[in-house]
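# Breakdown of the fold
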Amino acid sequence: MVDQHIVRQFDEELDELRATIAQMGGLVEQQVVDAMAAIARRDDLLARRCQEADVEIDAMEDKVEALTLRMLALRQPVALDLRAILAALKIAHNLERMGDYAKNVAKRASALAHLPEVGAVNGIVRMGRLTHGIIKDVLDAYAEPNVDKAVTAWTRDQEIDQMYNSLFRELLTYMMEDPRNITACTHLLFVAKNIERIGDHATNIAETVYFQEKGTRLQGMRPKGDRTSYAVVTPPEADEAS
Amino acid sequence: MSDATQIAASAPAPVATAESPQPTAVAPGTGAAAIKILARDVNVFYGDKHALKHVDLDINEHQVTALIGPSGCGKSTFLRCLNRMNDVIDGCRVVGSIKLDKADIYDTSLDVVQLRARVGMVFQKPNPFPKSIYDNVAYGPRIHGIAHNKADLDEIVHRSLERAGLIKEVHDRLDSPGTGLSGGQQQRLCIARAIAVNPEVILMDEPCSALDPIATARIEELIDELRENFTIVIVTHSMQQAARVSQRTAFFHLGDLVEVGDTEQIFTNPKDGRTQGYITGRFG
């Protein structure tokens, strides 16, 4: 660990900043877990609680902004201090977005709880579990801090993208099979998209941790796996008819 | 000149030359900037005290190079080597090679007065001569015989004061004593005096430490303008100032040149732990 600052208050402020991010990360992690549980268990009550938790996350982002603004103005940080402060600001923003997506998942969980069950939910839950694992890893990578862990988490985002691709196709198939599935499947499609976005923000955090520690950008292109923008699925009946 | 001043620039073995491989402390070439001053294996001794140790540093032309470090780190000592100001200090010995445009400035045949006309200096405390504003600026051109007649001299004084950003404030009182100006104006007068002899390099030893923030901002703005025509080396205790005015920054500690690089790199991502510790305020 690096030495203490001569001005001890600066260290205390940096500690507070790190602690706030860690706390915020914990809240987001819980929110993602709850939102997924609400989907899996068709639990409207949990879904509503999960939506309310977002207020607290937003408040913490405000706190991080206020802290960083104050430190930039009063401490004129450079080098690793500057990187740590900028990193906290960026990570807080990423976490806030992740919270918003989790809230959206929870909203859809409320809707889904009142709709007939669709088989694709299992796939969504698996995707959520994987995403939760990545969130946990990037938050650990920030807290320790551990660059290797950040890089590993960064590359794992591809798995989420791949799951999203297959879910996309699966959901379209369900919709084609029975139009009564369309409402639930559309909600699930958005849920999957939200989870995929949460994963993207988690990888942004991994990149920020890398920059904070190394002072350089994470090199090379991250393997991108989301190909749904180009996906075309033809209904089986149409195939038979032709 | 002090007898104690010994120069071993032509000594064989340890003296690095321009052709030697670049030591790790020296950052790789920054763009296409030409090297104005090339210092290799510079050592300074005050009596037995080894004040500056094996310093290799390139000063790029038309750039501002900031020398930073805690008190007693050797940054001012190094600055004073660049126009042989250390010659006048008893017991001070400079060993190594410093080349200005490839010519060794410690060559015994070199005229030190001429050198100091090429490498001017501005000090921490504004030190105008107890003469008029005009005579302060005209002093250098007069003793170096730069002006051929009164009109020439007027022109030089006027232009120097203009370049130093002072002309508007003093044009109607050139005969008033320079010491009657404010601190910031006096410092700009000293800069005008330094540039009146048309030097190639200007050395500045904490030029703003006795000035208020507004006068400091004026000098910093001036430094940035001056680098178009001059090469500037500045010693400063204000890291923010180094960050604001310089293109390259060199960090000294306990007589060692610890790290030198592009200012942006030094202040965002320094390579050496000691640099990091100093600029972030972690030095015990």
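Residues numbered from 1 in each chain as written. Chains lettered and ligands numbered in written order. Predicted model: local features only at pLDDT ≥ 70, side-chain atom pairs only at ≥ 80, totals over all residues.

### Examining the overall build of chain B
Check the secondary structure of chain B and you find ten helices and ten strands. Looking at chain B residue by residue over its 284 residues, the buried ones come to 45%. For chain B, contacts bridging at least 24 residues in sequence account for 71% of all contacts bridging at least 6. (Helix = DSSP H or I, 4+ residues; strand = E, 2+ residues; numbered from the N terminus. Buried ≥ 20, exposed ≤ 12 C-beta atoms within 10 Å, placed from the backbone. Contact = placed C-beta atoms within 7 Å.)

### Considering the overall build of chain A
A count of helical and extended segments in chain A gives eight helices and zero strands. Each helix and strand of chain A, placed in order from N terminus to C terminus, yields the pattern α-α-α-α-α-α-α-α. Looking at chain A as a whole, 43% of its 242 residues are labelled buried.

### Points about the confidence of the model for chain B
Residues shown with low pLDDT carry predicted positions that ought not to be read at fine detail. Here chain B averages 87 in pLDDT, and 88% of its residues register 70 or above. Across the predicted assembly, pTM comes out at 0.80 and ipTM at 0.73. (pLDDT = per-residue confidence, 0-100.)

### Brief notes about the interface of chain B and chain A
Tallying the contact residues gives twelve residues for chain B and 13 residues for chain A. Secondary-structure elements contributing two or more residues to the side of chain B that touches chain A are helix 9 (263-268) and helix 10 (273-279) of chain B. Take the side of chain B that touches chain A: its biggest share by element is three residues, from helix 10 of chain B. Along the lines of polarity and charge, the residues of the side of chain B that touches chain A split into four nonpolar, seven polar and one charged. (Nonpolar A, V, L, I, M, F, W, Y, C, P; charged D, E, K, R; others polar.)

### Remarks on the packing of helix 2 (residues 44-52) of chain A against helix 4 (residues 79-113) of chain A
Residue and element names in this part refer to chain A. At a minimum axis distance of 8 Å, the contact between helix 2 and helix 4 shows a crossing angle of 155°. As judged from the angle between their axes, helix 2 and helix 4 are roughly antiparallel. When you trace helix 2 past helix 4, the crossing you get is left-handed. Taken together, the residues of helix 4 that come into contact with helix 2 (itself represented by Asp44, Ala47, Arg48, Cys50 and Gln51) are Ala102, Lys103, Ala106, Lys107, Ala109, Ser110 and Ala113. Of the residues contributing to the contact of helix 2 with helix 4, the split by class is six nonpolar, two polar and four charged. (Axes fitted to C-alpha atoms, helices over the stretch in contact; angles between N-to-C directions. Parallel < 35°, antiparallel > 145°, perpendicular 65-115°, else oblique. Left-handed = near helix turned anticlockwise from the far one by under 90°.)

### Some details on the nonpolar core
Residues and elements named next belong to chain A. In terms of nonpolar packing, the biggest core is built from 146 residues, with Ala35, Ala88, Ala102, Val138, Leu188, Ala192 and Ala206 touching the most fellow members. Per-element accounting of this core gives the leading share, 18 residues, to helix 4. Leu188 has contacts with Val118, Ala120, Val121, Ile124 and Leu171, leaving out every residue within four places of it along the chain. (Core = buried A, V, L, I, M, F, W, Y, C linked by C-beta atoms within 7 Å.)

### Some words on unusual backbone geometry
Phi is mostly negative for residues that are not glycine, and the peptide bonds are mostly trans. Cis peptide bonds are those with omega within 30 degrees of zero, and the linkage from A:Glu144 to A:Pro145 qualifies with -20°. Relative to the helices and strands, A:Pro145 resides in the loop between helix 5 (121-143) and helix 6 (147-177). A positive phi angle, near 60°, is found at B:Arg84, a position not held by glycine. With respect to the helices and strands, B:Arg84 occurs in the loop between helix 1 (75-81) and strand 4 (92-100). Judged by C-beta crowding, with 20 C-beta atoms within 10 Å, B:Arg84 ranks as buried.

### A short note on the environment of B:Arg159
Residues and elements named next belong to chain B. Mapping Arg159 onto the fold places it in helix 4 (residues 150-163). Overall, Arg159 belongs to the partly exposed group, with 16 C-beta atoms counted inside 10 Å. A sequence separation of 97 residues divides Arg159 from His62, and the C-alpha atoms of the two residues are 20 Å apart.

### A short note on helix 2 of chain A
All names here are of chain A. Where helix 2 is concerned, the buried positions are Leu46, Ala47, Cys50 and Gln51. For helix 2, the arc enclosing every buried residue in end-on projection is 140°, short of the 170-degree limit, so these residues lie on one face. More than 90 degrees from the buried face of helix 2, the exposed residues found are Leu45 and Glu52. Looking at the buried positions of helix 2, the neighbouring elements they touch are helix 1 (8-41), helix 3 (54-75) and helix 4. (Arc of directions from axis to C-beta.)

### Considerations on helix 7 (residues 182-214) of chain A
Taking 1.5 Å as the rise per residue, helix 7 of chain A with 33 residues should run 48 Å; its terminal C-alpha atoms sit 48 Å apart, in good agreement. Looking one or two places after helix 7 of chain A, you find A:Gly215, whose phi comes out positive at around 80°. (Expected span 1.5 Å × (residues − 1).)

### Re the pairing of strand 4 of chain B
For a regular strand, the rule is simple: side chains alternate between the two faces of the sheet. All names here are of chain B. Here strand 1 (residues 35-46) runs beside strand 4; their pairing, made up of eight bridges, is antiparallel. Opposite Asn43, over in strand 4, you have Val95 as the bridge partner. Bridge count between strand 4 and strand 5 (residues 103-104): two bridges; the pairing is antiparallel. Within strand 5, the residue paired with Lys99 across the bridge is Asp104. Connecting strand 4 to the next strand, strand 5, in antiparallel fashion are two residues, including Asp101 with a positive phi near 50°. (Pairing = 2+ DSSP bridges.)

### Focus on the pairing of strand 8 (residues 231-235) of chain B
Residue and element names in this part refer to chain B. Among the five residues that make up strand 8, five are buried, leaving the element largely enclosed by the rest of the structure. Burial of strand 8 is two-sided: the residues Thr231, Val233 and Val235 facing one way and the residues Ile232 and Ile234 facing the other way are all buried. Where strand 3 (residues 64-68) meets strand 8, four bridges bridge the pair, whose relative direction is parallel. Note that in strand 8 the partner of Val64 across the bridge is Ile232.

### A look at the packing of helix 1 of chain A against helix 5 of chain A
All names here are of chain A. Contact geometry for helix 1 and helix 5: axes closest at 10 Å, N-to-C directions at 170°. As summarised for this structure, helix 1 and helix 5 are arranged roughly antiparallel, according to the angle between their axes. Facing helix 1, whose interface residues are Ile21, Ala22, Gly25, Glu29, Val32, Val33, Met36, Ile39 and Ala40, helix 5 presents Val121, Ile124, Val125, Gly128, Thr131, His132, Ile135, Lys136, Leu139, Tyr142 and Ala143. For the contact of helix 1 with helix 5, the class distribution of residues is 14 nonpolar, four polar and two charged.

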